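# Survey of secondary and tertiary structure
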Amino acid sequence: MAADRRVRGETSAPPVLERRYGAGHVFPPRFFGEVTSLSIARSVSCLTALAWIPAVLLFAFILLPLLRMTLAQSPGSLSAVAAMADVRAAIGLSVSTALATTAVAAVLGIPTAYLLSRPAFFGKQLLEAVVDLPLAVPHTVAGIALLFVFGREGIVGFLTSRWLGVSFWGTEAGIVIGMLFVSLPYMVNSARAGFEGIDPRLAKAARTLGATPTQVLARVLLPLALRNILTGMVLTYARGIAEFGAVVLLAFYPMTAPVKIYEMYLESGLDQASSAAVLLLAVVLVSFVVMRFLIGKKRWS
Amino acid sequence: MSYLNIAGLQVRLKAFAVDVSLTMDRHEVLAILGPSGSGKSVLLEALAGFHPLAAGTVSVDGRRLDTLPPEQRGIGFVFQDYALFPHLTVQENVLFSPRLRQNGSRVPRPVRDIMALLQIERLAPRRIQELSGGEKQRVALARALVSEPALLLMDEPMSALDTVIREELRNELRDLLRRLGTTAIYVTHDRAEAACLGHRVGVLFDGRLAQVDTPERVFHAPASPRVAHFVGMTNTFPALVTDRRNGLVHLRAGELYLEAAGGDHAVPGPKVTAGIRPEEIRLAPRGETASANSVPGVVTGVVPQGPWVRVTLDCGVVLDSLVSWRDFQLLRPAPGQTCRAVVEPQSVHLMPLPEH
């Protein structure tokens, strides 16, 4: 004990202090907390300043191309492209199929997310890995793979076209399949984070108050995960509307906006294609802002 | 047949088991006192239906509970961090249970009464995040009480509160539970809380009840050295019974000779553990005439303990004494000095030797 104190440069209090305050006090008093907190604060502010440099570069990297493209448009060229029936149809198709994808993703993804938020069960890690797989698969590869199942000779595609009259090759249903494959991880992971963030005792408390498991889900878990679920739906929508690779392989026609823009670029060059691109960008940004606004209102914790 | 009957309840978790039998009367509050990891929370959660029972039955008022899902047990639960619903207001939290059965905008009369009783009416429209710890505690209690549970379980509900608020709320909760006649099990690791709230106190070690008794018995006559240590009877030492005369048991522990009033407690054998609460050791000046159990000793330590001062004396056996500041000022014991430790024979408690 005493040796320990000597190592730290402390001794027993000098006799004066012993007399005044009694034995057992450590001397000198330790103030190192105050001394170093100042220098820590200084180095933190220095770090913060340094972090601004890459942050500004990053903002510029994202905003500059979008702004440059938008500012390059003349009102005339924009309105001319906006008047083209096939461009409007493509943008409309993109929005409607992305919304349909979002609905399907929610139906499949929310229960999956709930399952994955539960404590460990057999096969959980495998399921997690499978859910994340589309993030790693190149989108054209995904499109080819989907053709094997949903194409005209695919296992599912063949059966559904035979019995239900639903084909996935060159149809809206095919577009949804392509969008769904690439956007499901966003839906599941976002909703899952929502469920995982809920204190498990809230569900227990609800049970002791008389709620059945279904009531717990409806009155506690879903409302509390709602924000994350909605965020997942917005991400799914945005990812879906942006999808090119997987969609183009399943359905070149009917054309979604990204496919249409690519086609215009190949046929008429950058000018027309960029006007269509700005239109699509506007549609996406407006729907994004609207959804953000709707979600932003439900905020707690 | 008692109101609450827990017969041979067993819960087995990984590397841990709870094994409890217990009966309680209607309107009784039982405080369960135990260190962290003793299985207090597991026991409560098992009663509420969140752990499957390996064996045993639980019945309240003649009704078997252990076969029912949690929502049908009629058990109220107040959690350690309150577990209030963060997406609901105070009023919506309190109304959670009534609204499950009946929708509507009317606030039922009993709900208003409970909210008035707990003084949370003015908080009704607030969000949970805006409440202080003490307010959250009241809301959690109100929410559990509105469904008039047959049994209320409380899992360290005050452990997150400041000392001063905790002491206020403790007394308030005691009055409230007694007034409402709630049958409750209150789990805590705080000795003062257990003694204050429980009609009886149960001491839980390693998933088993070591003693269930009135606060007086648990604190003054603990059943074993381990219970003694946990309830603050810090002076325990092995002693030899040398004689029994005039209702007094004569003890020897090394060089220390003591007498214990053996009247009501049986002497477990020739070798015993003697226990003395530190508050019941009085300090006297060296020269004071030797009465019964007045033993000289050298002061080895003086440490302030908030409301008390702990003075450690070496009397052959090391004895801790908690003295008031006033007594401390009268004697001013300092390390190295000699003074006397004085103990009434009624304050010397005899227990069996510790199990090994």
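These remarks concern the structure in this document. (Residues numbered from 1 in each chain as written. Chains lettered and ligands numbered in written order. Predicted model: local features only at pLDDT ≥ 70, side-chain atom pairs only at ≥ 80, totals over all residues. Heavy atoms only, no water.)

Glancing now at the overall build of chain B. Across its full length, chain B holds 10 helices and 20 strands. Seen through its principal axes, chain B has C-alpha atoms that stretch 80 × 45 × 35 Å. The buried share among the 356 residues of chain B stands at 53%. Of all intrachain contacts in chain B linking residues separated by at least 6 positions in sequence, the fraction that spans at least 24 positions is 66%. Carbon and sulfur atoms form 49% of the exposed surface of chain B, whose accessible area is close to 16,300 Å². (Helix = DSSP H or I, 4+ residues; strand = E, 2+ residues; numbered from the N terminus. Buried < 20%, exposed > 50% of the residue type's maximum accessible area, 1.4 Å probe, protein only. Contact = heavy atoms within 4.5 Å. Areas by Shrake-Rupley, 256 points an atom, 1.4 Å probe, with all protein chains shown as cover.)

Bringing the layout of surface pockets into the picture now. Residue and element names in this part refer to chain A. Estimates place the volume of the largest pocket at around 600 Å³. Those elements giving two or more residues to the lining of the largest pocket turn out to be α5 (85-117), α9 (172-196), α10 (200-208) and α11 (213-242). Class assignment for the residues of the lining of the largest pocket results in 11 nonpolar, one polar and five charged. (1 Å grid on protein atoms, 1.4 Å probe; cavity = no way out; pocket = protein on both sides within 12 Å on 5 of 7 lines; lining within 4 Å. Points joined across faces, edges and corners; volume = space filled by probe spheres on them. Nonpolar A, V, L, I, M, F, W, Y, C, P; charged D, E, K, R; others polar.)

Okay, the interface of chain A and chain B next. Contact residues are listed per partner, giving 19 residues for chain A and 26 residues for chain B. Roughly 2,000 Å² is buried in total at the junction of chain A and chain B, and carbon and sulfur atoms are behind 66% of that figure. The largest per-residue losses of area from chain A upon contact with chain B belong to R201, T208 and L209 of chain A, which jointly make up 34% of the total buried on that side. The interface formed by chain A and chain B holds three salt bridges in total. Between E71 of chain B and R207 of chain A there is a salt bridge, with its nearest N and O atoms 2.6 Å apart. In this assembly, chain A and chain B are joined by five residue pairs in polar contact (both at pLDDT 80 or more). If you tally residues by element for the side of chain A that touches chain B, the top one is α10 of chain A, at seven residues. (Buried area = accessible area lost by both parts, 1.4 Å probe. Salt bridge = Lys/Arg side-chain N within 4 Å of Asp/Glu carboxyl O. Polar contact = N/O pair within 3.5 Å; in protein donor to acceptor, adjacent residues only side chain to side chain.)

The next point concerns the nonpolar core. In summary, soluble globular proteins display a tendency toward joint burial of nonpolar side chains. Grouped together as the largest cluster of nonpolar side chains are 57 residues, with contacts concentrated most on V220 of chain A together with L4, F96, L153 and I185 of chain B. Residues contacting L153 of chain B, with those up to four places away along its chain left out, are L44, L47, A48, I75, G76, F77, V78 and I185 of chain B. In this structure, I114, A140, V146 and L152 of chain B belong to the second largest nonpolar core, which totals 35 residues. (Core = buried A, V, L, I, M, F, W, Y, C linked by side-chain atoms within 4.5 Å.)

Helices that pack against each other are described as a pair by the angle of their axes relative to one another and the distance between those axes. All names here are of chain A. In the contact formed by helix α4 (residues 75-82) and helix α14 (residues 270-296), the axes pass within 9 Å of each other and the chain directions differ by 75 degrees. The pairing of α4 with α14 is recorded here as roughly perpendicular in orientation. On α14, the residues that touch S77, L78, V81 and A82 of α4 are Q272, S275, A276, V278 and L279. Its residues assigned to classes, the contact of α4 with α14 comprises six nonpolar, three polar and no charged. (Axes fitted to C-alpha atoms, helices over the stretch in contact; angles between N-to-C directions. Parallel < 35°, antiparallel > 145°, perpendicular 65-115°, else oblique.)

Before going further, it helps to spend a moment on unusual backbone geometry. Of note, the amide linkage connecting Y253 of chain A to P254 of chain A takes the cis form, showing an omega dihedral of -15 degrees. Within the fold, P254 of chain A resides in the loop between α12 (245-250) and α13 (257-268). Unlike most non-glycine residues, A15 of chain B shows phi in positive territory, near 60 degrees. A residue is classified by how much of its surface remains accessible, and A15 of chain B, at 86% relative accessible area, is exposed. If you check the backbone angles, D61 of chain B has positive phi at about 55 degrees while not being a glycine. When you line up the elements, D61 of chain B lands in the loop between β4 (55-60) and β5 (63-64).

Within the structure shown, the criterion is met by 22 salt bridges over all chains. Its salt-bridge partner being E172 of chain B, residue R138 of chain B comes within 2.8 Å of it at the nearest N-O pair. With a gap of 34 residues between them, R138 of chain B in helix α5 (residues 133-145) and E172 of chain B in helix α6 (residues 163-180) connect regions that are remote in the sequence. Residue classification places R138 of chain B among the buried positions, given a relative accessible area of 16%. If you follow the salt bridges from partner to partner, you end up with D86, K260 and E263 of chain A in one network.

A few words on empty space enclosed by the protein. All names here are of chain B. If you walk through the whole model with that rule in mind, you get one cavity of 30 Å³ or more. In this structure, the largest cavity encloses a volume near 60 Å³. Around the largest cavity, the lining residues are L118, Q137, R138, L141, L169, E172, L173 and L176. Those elements that provide at least two residues to the lining of the largest cavity are α5 and α6.

Okay, the environment of L161 of chain B next. Residues and elements named next belong to chain B. Along the polypeptide, L161 turns up in the loop between β7 (151-155) and α6. Considered as a pair, L161 and E255 are 94 residues apart in the sequence and their alpha carbons are 46 Å apart. Excluding residues within four positions of it along the chain, L161 makes contact with Y82, G133, G134, Q137, R166 and L169.

For the rest of this paragraph, the subject is the pairing of β7 of chain B. Residues and elements named next belong to chain B. For β7, a buried count of five out of five residues is recorded, marking the element as mostly surrounded by other parts of the structure. Here β7 shows a buried face lined by L151, L153 and D155 and a second buried face lined by L152 and M154. Where strand β6 (residues 75-78) meets β7, four bridges bridge the pair, whose relative direction is parallel. Its bridge partner lying in β7, I75 is registered against L151. On the question of chirality, the crossover connecting β7 to the parallel strand β8 (residues 184-188) by way of α6 is right-handed. (Pairing = 2+ DSSP bridges. Right-handed = clockwise from strand over helix to strand, strands pointing away.)

Further remarks concern the sheet that holds β7 of chain B. Two orientations exist for strands paired in a sheet by backbone hydrogen bonds: parallel and antiparallel. Residue and element names in this part refer to chain B. Read from one edge to the other, the open sheet built from six strands follows the order β6-β7-β8-β3-β9-β10, with strand pairing classed as mixed. The sheet terminates laterally at β6 and β10 (208-213), the two strands that pair on one side only. Across this sheet, the average inter-strand angle for adjacent strands is 20 degrees, counted without regard to direction. As judged from the five bridges shared by strand β9 (residues 200-205) and β10, these two strands associate in the antiparallel manner. Looking across to β10, one finds that V201 is bridged to D213. The strands touched by helix α1 (residues 40-48) are β3 (29-33), β6, β7, β8 and β9; relative to β7, the strand with the most contacts, the crossing angle is about 150 degrees. Against the sheet, α5 touches β6 and β7, its axis set at about 175 degrees to β6.

To continue, consider a nonpolar patch on the surface. On the surface, W52, V56, L58, F59, F61, I62, L63, L66, L67 and L71 of chain A cluster together into a nonpolar patch covering about 1,100 Å² of accessible area. Topologically, W52 of chain A is positioned in helix α3 (residues 32-71). (Patch = residues over 30% accessible without salt bridge, like charges linked within 9 Å, V, L, I, M, F, W, Y side chains within 5 Å.)

We now examine α10 of chain A. An α-helical turn contains 3.6 residues, so any two residues separated by three or four positions project in the same direction. Within α10 of chain A the residues assigned to the buried category are L202, A205, A206, R207 and T208 of chain A. Those residues of α10 of chain A that are buried are in contact with α11 of chain A together with α1, β6, α3 (96-101) and α5 of chain B. You can read the cap of α10 of chain A off the contacts: a side-chain oxygen lies 2.9 Å from the backbone nitrogen of R201 of chain A, and it is on D199 of chain A. Backbone geometry just downstream of α10 of chain A places G210 of chain A in the positive-phi region, at approximately 105 degrees.

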